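Listed here are the chains, written in short residue letters.
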Amino acid sequence: MIIQLEEKIKPKHRENILFAIKNIGYKTTDVKTQKAEYLVCIGKKEFDIRLIGSLDGVADVHRVSESYKLVSKKWKVGYSAVDLGDGVTVGGNGISIIAGPCSIESEEQVQKVVAHLKENKIKIMRGGVFKPRSSPYAFRGMGIEGLKMFNKICRKNGIKIITEVMQVSQIAEMYDYVDVFQVGARNSQNFNLLDELGKVDKPVLLKRGMSGTIDELLQSAEYIFSNGNEKLMLCERGIRTYETAYRNTFDINAIAVLKEKSHLPVIADPSHGIGVREFVPAIALAAAVCGADGIIYEVHEKPEEAASDGQQTLNFAESAELVNKLRRIIK
Ligand code: PEP
Ligand code: MN
């Protein structure tokens, strides 16, 4: 059960509500987010929910039987949108387009991608500076100095930044330079990281783990939300299956199912989803038709020279063509 409290609830009324829940035998977690205060109540006993709904100080109450509660669509009318500032939002209407290289590599590279994004009216740029790599000898990103450079160029050009955070200690040093923290597939169940990102007042894009179920993704999202951060987006980025013809299997089902199970915006990552450049546009378009709130893909001036993930990265011409097709679908 989720109880949303009235904004200026009186202490006496709060006490009454807590007393009533305790009497039913439910365990309560108090959650304060940027938007509201909730009591998440866990228990098995059947009772008449009107008993709670009629108490002073209760703004709303819903029964949610899933293991995830606050991210569930069951208690919320409509869908959530995430505000990135300066009129840029994700979720609600239309499809947000997010593009950029796998890794931030140099000032020149960022300048070129930013120019491409501006030409195509794309307002959010992706790019990793802390890169999770299978091999310790592969390029692991430019680090915080790279982020500062990335930030400087994007700020000047009115572009929002999304970049991956890999560990708790990076949150504070990255904070001033990012607009959205990305949690990568490998950290999808790093519960300490999720807890801390829940205490931050910046949007988070949470990717599905490569062997994560939809239920696990939603429970990971619940970690962030229940720590106080409602500015949350889910991302399908492909899962590991027995198939070897491509890098990952983009789970198109997940887009439709997540939109049914959760009120959070759902973003599709076709680049990692299939991992083969020539098929990325087709998967992006399929995800858009399926109801995705946004598409995040990799683009580079010269994909064949990219420091990471070049094999799944579009060049500028391919990217422009995809954007045109996506915009036609939105219309
Ligand atoms: C990335 O976005 O470049 C990335 C590493 O993604 P994922 O965590 O989905 O593999
Ligand atoms: Mn990548």
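Below, the structure is looked at part by part. As the structure is a prediction and not an experimental result, all values here were calculated from the model.

Another point: the coordination of the manganese ion (ligand 2). Tetrahedral metal sites with four donors have an ideal angle of 109.5 degrees; octahedral sites with six donors have ideal angles of 90 or 180 degrees. For the manganese ion (ligand 2), the full set of protein donor atoms is C102 (SG), H272 (NE2), E298 (OE) and D309 (OD), at a range of 2.0 to 2.4 Å. Between consecutive donor residues of the manganese ion (ligand 2), the sequence gaps follow C-x169-H-x25-E-x10-D. One end of the pair, C102, is in the loop between β7 (96–100) and α3 (107–119); the other, H272, is in helix α9 (residues 270–274), with 170 residues separating them in the sequence.

On to the nonpolar core. One recurring pattern in soluble globular proteins is that nonpolar side chains are buried together. Counting residues in each nonpolar core, the largest one holds 73 residues, and the members touching the most others are M125, F181, I295 and Y297. Core analysis: the second largest hydrophobic core is formed by 15 residues, A20, I24, C41 and V58 among them.

The subject of this paragraph is the site of ligand 1. Surrounding ligand 1, one finds 13 residues, the nearest of these being R126, K131, A185, K207 and R237. Take K131: an N or O atom from its side chain is 2.9 Å from an oxygen atom of ligand 1. R186 is positioned with one of its side-chain polar atoms (N or O) 2.9 Å from an oxygen atom of ligand 1. Notes on ligand 1: free accessible area 290 Å², of which the protein chains cover 97%. Tallied by class, residues from the shell around ligand 1 come to 3 nonpolar, 3 polar and 7 charged.

What follows covers the packing of aromatic side chains. Each aromatic ring pair is characterised by the separation of its centres together with the angle its planes make. Inspection of the entire model under this criterion finds 4 aromatic pairs. Aromatic pair Y38 and W75: ring centres 5.3 Å apart, planes at 75 degrees, arrangement edge-to-face. Of the two residues, Y38 is situated in strand β3 (residues 37–42) and W75 in the loop between β4 (58–62) and β5 (82–85); the sequence distance between them amounts to 37 residues. Residues Y38 and W75 agree in their burial class; the two are buried. Here F191 and Y223 contribute two aromatic rings whose centre-to-centre distance is 4.5 Å and whose plane-to-plane angle is 20 degrees, an arrangement assigned as stacked. A residue pair is termed long-range when its members are at least 10 positions apart, and F191 in helix α6 (residues 191–197) and Y223 in helix α7 (residues 214–226) qualify at 32 residues. Judged by its relative accessible area of 32%, F191 falls in the partly exposed class. According to the relative accessible area criterion, Y223 is partly exposed, its value standing at 31%.

What counts, and where the lines are drawn
Residues numbered from 1 in each chain as written. Chains lettered and ligands numbered in written order. Predicted model: local features only at pLDDT ≥ 70, side-chain atom pairs only at ≥ 80, totals over all residues. Heavy atoms only, no water. Donors = N, O, S within 2.8 Å, 3.2 Å for Na, K, Ca; no water. Helix = DSSP H or I, 4+ residues; strand = E, 2+ residues; numbered from the N terminus. Core = buried A, V, L, I, M, F, W, Y, C linked by side-chain atoms within 4.5 Å. Buried < 20%, exposed > 50% of the residue type's maximum accessible area, 1.4 Å probe, protein only. Near = heavy atom within 4 Å. Polar contact = N/O pair within 3.5 Å; in protein donor to acceptor, adjacent residues only side chain to side chain. Areas by Shrake-Rupley, 256 points an atom, 1.4 Å probe, with all protein chains shown as cover. Nonpolar A, V, L, I, M, F, W, Y, C, P; charged D, E, K, R; others polar. Phe/Tyr/Trp six-rings, centres within 6.5 Å; stacked < 30°, edge-to-face > 60°.

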